[in-house]
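# Report on the structure
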Amino acid sequence: AARGSTRDSAAIDVGVRHVTFGTAYFPYSTFVENLDYYRVPGVDRETWWPISPTQWARWRQYVPRMRTDLHVIRAMGFDVVRLHHLELLQQLDRREALAFLDWYAGEARALGLKMMFDTEGPAEWVALVAGRYRDLVDRVELENEILIQGVKPGAAERWTALHAAAKRANPAADVFLTTAGNHGQFERLRALGVPFDRVGLHAYKHGAQWPESFRSHALGTGGWASDLGLASSLGEFNWKDITRLS
């Protein structure tokens, strides 16, 4: 309404109020990974997201490279850095795992980066890492993109316990689960009484229609989350094989 007018006024929201951008950086796995001919000693698997406790016991040797990478992340304008599959560090001596995370958190703190992570349990581990870095960690994803597989027997009770552990350690953090757009799984969580503080989405799309697919994912996820009064996180996305289309 015009200044001084007695008529009713209207406020209109267009789009989202803000977007926070982040990227993943988890060198305890990506520095290990080589799915071709060369292996580091003690790799624990021959597929995605391996770890080598033998190699990562020497993590201090990689500090210059990691420090450079974190500076690059900040210089690119990212606000958040994600530690993926943080449960892998449970294969290390606990003191060394925490020494690495303390270093990582110190670098993030100095650069003004927030941290988020996804991890499996047990609850003691989730509470430890969520609470130890509570000034940096504002989002905790339980068991990476686990809802893609649906809700299996025993899962609801496990997720409820992990959510409670994380919230006790870090009350301000959003603790959530993630799917791939099959939002019916969240309705299943609600029916089972499993708490979640935001709606997680991972979206990988193939083919020439990927722009339309991403728009559909974004509108569907954002709109549905808004109906629940929650924020949403697009934790992973990519357009696969786009260069092969020709």
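Everything here concerns the structure above.
Summarised in this report is the structure supplied together with it. (Residues numbered from 1 in each chain as written. Predicted model: local features only at pLDDT ≥ 70, side-chain atom pairs only at ≥ 80, totals over all residues. Heavy atoms only, no water.)

Our next topic: the packing of helix 4 (residues 94-111) against helix 5 (residues 123-132). Where helix 4 meets helix 5, the axes come as close as 11 Å, and the angle between the chain directions of the two elements is 30°. As far as their axial angle goes, helix 5 and helix 4 are roughly parallel. Crossing handedness for the pair helix 4 and helix 5: right-handed. Between helix 4 and helix 5, the contacting residues are Arg 94, Leu 98, Leu 101 and Asp 102 on the first element and Glu 124, Trp 125, Leu 128, Val 129 and Arg 132 on the second. Classifying every residue of the contact of helix 4 with helix 5 gives 5 nonpolar, no polar and 4 charged. (Axes fitted to C-alpha atoms, helices over the stretch in contact; angles between N-to-C directions. Helix = DSSP H or I, 4+ residues; strand = E, 2+ residues; numbered from the N terminus. Parallel < 35°, antiparallel > 145°, perpendicular 65-115°, else oblique. Left-handed = near helix turned anticlockwise from the far one by under 90°. Contact = heavy atoms within 4.5 Å. Nonpolar A, V, L, I, M, F, W, Y, C, P; charged D, E, K, R; others polar.)

Among the 6 residues in strand 4 (residues 137-142), 5 count as buried, and that is most of the element. Here strand 3 (residues 114-119) pairs with strand 4 via 5 bridges, running parallel. In the strand pairing of strand 4, Thr 119 is matched with Leu 142. Between the parallel pair strand 3 and strand 4, the chain is carried across by helix 5, and the sense of this crossover is right-handed. (Buried < 20%, exposed > 50% of the residue type's maximum accessible area, 1.4 Å probe, protein only. Pairing = 2+ DSSP bridges. Right-handed = clockwise from strand over helix to strand, strands pointing away.)

Before going further, it helps to examine the pairing of strand 5 (residues 174-179). Burial of strand 5 is extensive: 5 of the 6 residues sit out of reach of the surface. Sheet topology places strand 4 next to strand 5; 3 bridges connect them, and they run parallel. Paired with Glu 141 across the bridge in strand 5 is Phe 176. Handedness of the crossover joining strand 4 and strand 5 through helix 6 (residues 155-169) is recorded here as right-handed.

Next up on the list: the environment of Trp 210. Inspection of the secondary structure assignment puts Trp 210 in helix 8 (residues 210-227). Taking the relative accessible area as the measure of exposure, Trp 210 reaches 24% and is therefore partly exposed. The sequence separation of Trp 210 and Tyr 62 amounts to 148 residues, and the corresponding C-alpha distance is 37 Å.

One pass over the structure, following the stated rule, counts 1 cavity of 30 Å³ or more. Approximately 50 Å³ is the volume attributed to the largest cavity. Around the largest cavity, the lining comprises 12 residues; the ones closest to its centre are Val 32, Asn 34, Arg 39, Val 43 and Arg 45. A per-class count over the lining of the largest cavity returns 6 nonpolar, 2 polar and 4 charged. (1 Å grid on protein atoms, 1.4 Å probe; cavity = no way out; pocket = protein on both sides within 12 Å on 5 of 7 lines; lining within 4 Å. Points joined across faces, edges and corners; volume = space filled by probe spheres on them.)

Another aspect to go through is helix 4. In this model, helix 4 (18 residues) spans 26 Å end to end at C-alpha, consistent with the 26 Å of a helix rising 1.5 Å per residue. Those residues of helix 4 lying buried are Ala 97, Leu 98, Phe 100, Leu 101, Trp 103, Tyr 104, Ala 105, Glu 107, Ala 108 and Leu 111. Check the buried side of helix 4 and you find it contacts helix 1 (27-30), helix 2 (53-56), helix 3 (63-75), strand 2 (80-83), strand 3 and helix 5. Regarding helix 4, its N-cap is Asp 93, as a side-chain oxygen of that residue lies 3.1 Å from the backbone nitrogen of Arg 95 further along. (Expected span 1.5 Å × (residues − 1). Polar contact = N/O pair within 3.5 Å; in protein donor to acceptor, adjacent residues only side chain to side chain.)

To continue, consider the pattern of salt bridges. Throughout the structure, instances matching the rule amount to 16 salt bridges. Residues Asp 79 and Arg 74 are paired through a salt bridge, measuring 3.9 Å at the closest nitrogen-oxygen approach. When its relative accessible area of 31% is taken as the criterion, Asp 79 is described as partly exposed. Look at Arg 74 and you get partly exposed, because its relative accessible area is 28%. Between Glu 143 and Arg 158 there is a salt bridge, and its shortest N-O distance comes to 2.7 Å. Of this pair, Glu 143 sits in the loop between strand 4 and helix 6 while Arg 158 is found in helix 6, placing the two residues 15 residues apart along the sequence. (Salt bridge = Lys/Arg side-chain N within 4 Å of Asp/Glu carboxyl O.)

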